[in-house]
Amino acid sequence: MGNEIIKLLIMTNDGEEVCIKAVTEDACVTIFGEIDNNEEIGEAIIIGTNEKIVQNVLTFNDPLGTFLDAKENDEIVIEPVGLVNNVTFAVANVLLKYSQLLGLT
């Protein structure tokens with residue numbers, strides 16, 4: 001889960017949808033920029049949220065905790081694309097739950 005093409009769909013405070021392409025390599029973002037919503041980018045994951053949540057994740061002292069709380073509250077929706085990505089995402093979710101129970105995240 002460190003080398004992905006991600007499509008971010010963000011609902012702005014003005015009610016418009018912004019579409020962002022993010023590419024990660026070794027869990028670091030290497031490409032990040034706005035694209036047309038209909039553009040085919042071969043994404044593995046689609047993430048939907050709103051501008052307020054994005055601002056919270058970027059500005060709070062604990063961005064990972066803020067992200068995980070928003071995900072838990074369905075304020076961030078993550079949808080893997082394709083069978084392999086669905087399986088990978090399911091395994092990653094299980095590992096994340098165990099790490100939370102052990103206090104590692």
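Higher on the page you've got the structure.
Residues numbered from 1 in each chain as written. Predicted model: local features only at pLDDT ≥ 70, side-chain atom pairs only at ≥ 80, totals over all residues. Heavy atoms only, no water.

## Considerations on the layout of surface pockets
Moving on, step 1. The computed volume of the largest pocket comes to approximately 1,000 Å³.
Moving on, step 2. Ile6, Leu8, Ile47, Phe67 and Ile78 are, among the 30 residues lining the largest pocket, the residues nearest its centre.
Moving on, step 3. Only strand S1 (5–11), strand S2 (17–25), strand S3 (28–35), strand S4 (45–50), helix H1 (51–59), helix H2 (63–72) and helix H3 (83–101) provide two or more residues apiece to the lining of the largest pocket.
Moving on, step 4. Each residue belonging to the lining of the largest pocket can be placed in one class, and the counts come to 24 nonpolar, 4 polar and 2 charged. (1 Å grid on protein atoms, 1.4 Å probe; cavity = no way out; pocket = protein on both sides within 12 Å on 5 of 7 lines; lining within 4 Å. Points joined across faces, edges and corners; volume = space filled by probe spheres on them. Helix = DSSP H or I, 4+ residues; strand = E, 2+ residues; numbered from the N terminus. Nonpolar A, V, L, I, M, F, W, Y, C, P; charged D, E, K, R; others polar.)

## Observations regarding the sheet that holds S2
Neighbouring strands of a sheet are bound in pairs by backbone hydrogen bonds; such pairs are parallel or else antiparallel.
Moving on, step 1. One open sheet holds the 5 strands; their spatial order is S3-S2-S1-S4-S5, and the pairing between them is mixed. Pairing within the sheet leaves two strands with one partner each, and these edge strands are S3 and strand S5 (77–80). In this sheet, adjacent strand axes meet at a mean angle of 20° when their direction is disregarded.
Moving on, step 2. Bridging between S1 and S2 involves 7 bridges; their strand directions are antiparallel. Bridge pairing in S2 links leucine 9 to cysteine 19.
Moving on, step 3. Strand contacts of H1: S1 and S4, with the helix running at about 100° to S4, the strand carrying the most contacts. (Pairing = 2+ DSSP bridges. Axes fitted to C-alpha atoms, helices over the stretch in contact; angles between N-to-C directions. Contact = heavy atoms within 4.5 Å.)

## Here we look at a negative patch on the surface
Moving on, step 1. Negative charge collects at one region of the surface, where Asp62, Asp69, Asp74 and Glu75 lie side by side.
Moving on, step 2. Within the element layout of this structure, aspartate 74 appears in the loop between H2 and S5.
Moving on, step 3. Judged by relative accessible area, which is 60%, aspartate 74 ranks as exposed. (Patch = residues over 30% accessible without salt bridge, like charges linked within 9 Å, V, L, I, M, F, W, Y side chains within 5 Å. Areas by Shrake-Rupley, 256 points an atom, 1.4 Å probe, with all protein chains shown as cover. Salt bridge = Lys/Arg side-chain N within 4 Å of Asp/Glu carboxyl O. Lys, Arg positive; Asp, Glu negative; His and termini not counted. Charge placed at Lys NZ, Arg CZ, Asp CG, Glu CD. Buried < 20%, exposed > 50% of the residue type's maximum accessible area, 1.4 Å probe, protein only.)

## Describing the nonpolar core
Moving on, step 1. Membership of the largest hydrophobic core comes to 13 residues, with the highest contact counts inside it found for Ile6, Leu8, Ile45, Ile47, Ile76 and Ile78.
Moving on, step 2. Secondary-structure elements contributing two or more residues to this core are S1, S2 and S4.
Moving on, step 3. Per-element accounting of this core gives the leading share, 3 residues, to S1.
Moving on, step 4. Residues in contact with isoleucine 47, not counting those within four places in the same chain, are Ile6, Lys7, Leu8, Leu9, Ile76, Val77 and Ile78. (Core = buried A, V, L, I, M, F, W, Y, C linked by side-chain atoms within 4.5 Å.)

## A word on unusual backbone geometry
Moving on, step 1. One non-glycine residue, alanine 27, lies in positive phi territory at about 70°.
Moving on, step 2. Within the secondary structure, alanine 27 sits in the loop between S2 and S3.
Moving on, step 3. Look at aspartate 74: it is not a glycine, yet its phi comes out positive at around 60°.

## Topic: H2
Moving on, step 1. Those residues of H2 lying buried are Gly65, Thr66, Leu68 and Ala70.
Moving on, step 2. Phi turns positive one or two residues past the end of H2, at aspartate 74, with a value near 60°.

## Digging into a nonpolar patch on the surface
Moving on, step 1. A contiguous nonpolar surface patch, about 410 Å² in accessible area, is contributed by Leu83, Val87, Val91 and Leu95.
Moving on, step 2. Along the polypeptide, leucine 95 turns up in helix H3.
Moving on, step 3. Given the relative accessible area of 55%, leucine 95 is considered exposed.

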